Amino acid sequence: MLGKKFARLKKQKINESPPVVSSGQSNKTAPFGRIAKMLSVSGRVSLASLRKLAEEQELEGFTKYVQRPMIVGSAIKTGTISSAGTGSDTLNTTQIFEPSKSQGASISASESLKHAIYPLVKGEYPATPRGAFYIGRINGNDMIMPDYAISKRHAIIDIEDGLYYIRDTGSTNGTRINGSRLGKKSSQLRDKDVISFARYDFSFLYPKSLYNMLRDVKS
């Protein structure tokens, strides 16, 4: 009798959704651990996979699965890039980006940038501290952008009590929020804010906004 009750209780626990945990806990027990398994080595998630998820799920189910906001590629600024280094040093030096001063300095997202979707979730074996999401050009960051206009460690998003704060790390080309360059202080991110790293613009989207965008996207 007791054996049957224990079996039913064990089955019930397995079927229950895991509890929401703080950002400091392991991805293996957090609901967003499922998204972590979808990440590429650069921290991206497949646009096709997200589209399929949005098509198959109602908003509530999609939100429970995704959990956290994502940074979605939206535009590339036109301008010129020059290197501050010489010879072999050029490969290790962040290049200086000078945006065009003419009107229409930003263009629509290229096809490749549309696929640049980065969940604010760490991989299974992160090299960065808990509660912080690192953005930069080289391996060891959570969001890797292999472009020489991006600094090796460009910016950091801190996650505190369910809120998101971005700070620039002294990058060569700076970080902007809705067109305003960040100083030394961090800035809280809000749904649909535009984050600019050098020449790249990204939209900061909470799960509901991401879901609506994906449902509107046409192949």
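See the structure above.
Residues numbered from 1 in each chain as written. Predicted model: local features only at pLDDT ≥ 70, side-chain atom pairs only at ≥ 80, totals over all residues. Heavy atoms only, no water.

1. Examining the packing of aromatic side chains
When we look at a pair of aromatic rings, we describe it by the centre distance and by the angle of the planes.
Move 1: Applying the stated criterion to the full structure yields six aromatic pairs.
Move 2: Their ring planes at 80° and their centres at 6.1 Å tell us that Y164 and Y206 sit as a pair that is edge-to-face. Here Y206 lies in the loop between β14 (200-205) and α6 (207-216) and Y164 lies in strand β9 (residues 163-168), a separation of 42 residues in the sequence.
Move 3: Residue classification places Y206 among the partly exposed positions, given a relative accessible area of 26%.
Move 4: In this structure an aromatic cluster arises from ring pairing among Y118, F197 and F202. (Phe/Tyr/Trp six-rings, centres within 6.5 Å; stacked < 30°, edge-to-face > 60°. Helix = DSSP H or I, 4+ residues; strand = E, 2+ residues; numbered from the N terminus. Buried < 20%, exposed > 50% of the residue type's maximum accessible area, 1.4 Å probe, protein only.)

2. Let's talk about the nonpolar core
Move 1: Ranked by internal contacts, the top residues of the largest apolar core, which has 26 residues, are M143, M145, I157, I166, F197 and F202.
Move 2: Taken together, the elements giving at least two residues each to this core come down to β1 (70-77), β6 (132-136), β8 (155-160), β9, β13 (193-197) and β14.
Move 3: Residues within four places of M145 in sequence aside, it is in contact with Y118, I135, G136, R137, I150, F197, Y200 and F202.
Move 4: Residues L50, L210, Y211 and L214 belong to the second largest nonpolar core, which totals 17 residues. (Core = buried A, V, L, I, M, F, W, Y, C linked by side-chain atoms within 4.5 Å. Contact = heavy atoms within 4.5 Å.)

3. A few points about α6
Move 1: Buried within α6 are the following residues: P207, S209, L210, Y211 and L214.
Move 2: Of the surrounding elements, those touching the buried residues of α6 are α3 (47-56), α4 (59-66), β1 and β14.

4. Digging into the side chain of S196
Move 1: The topology assignment puts S196 in strand β13.
Move 2: When its relative accessible area of 4% is taken as the criterion, S196 is described as buried.
Move 3: One polar contact links S196 to K77, side chain to side chain, over a distance of 3.3 Å.
Move 4: In this structure, S196 is in contact with K77, G174, T175, R176 and D201, ignoring residues within four places of it in sequence. (Polar contact = N/O pair within 3.5 Å; in protein donor to acceptor, adjacent residues only side chain to side chain.)

5. A closer look at the packing of α3 against α4
Move 1: Closest axis-to-axis distance for the α3/α4 pair is 8 Å, and the angle between their directions is 140°. As far as their axial angle goes, α4 and α3 are oblique. Contact residues: α3 offers L50, L53 and A54, while α4 offers F62, Y65 and V66. (Axes fitted to C-alpha atoms, helices over the stretch in contact; angles between N-to-C directions. Parallel < 35°, antiparallel > 145°, perpendicular 65-115°, else oblique.)

6. Some words on the pairing of β13
Move 1: The buried count for β13 comes to four of five residues, which makes it a mostly enclosed element.
Move 2: With three bridges connecting them, strand β10 (residues 175-177) and β13 associate as antiparallel partners. The residue of β13 that forms the bridge with T175 is F197.
Move 3: Direction of pairing for β13 relative to β14: antiparallel, over a ladder of five bridges. Across the sheet, residue I195 finds its bridge partner in β14, namely F202. (Pairing = 2+ DSSP bridges.)

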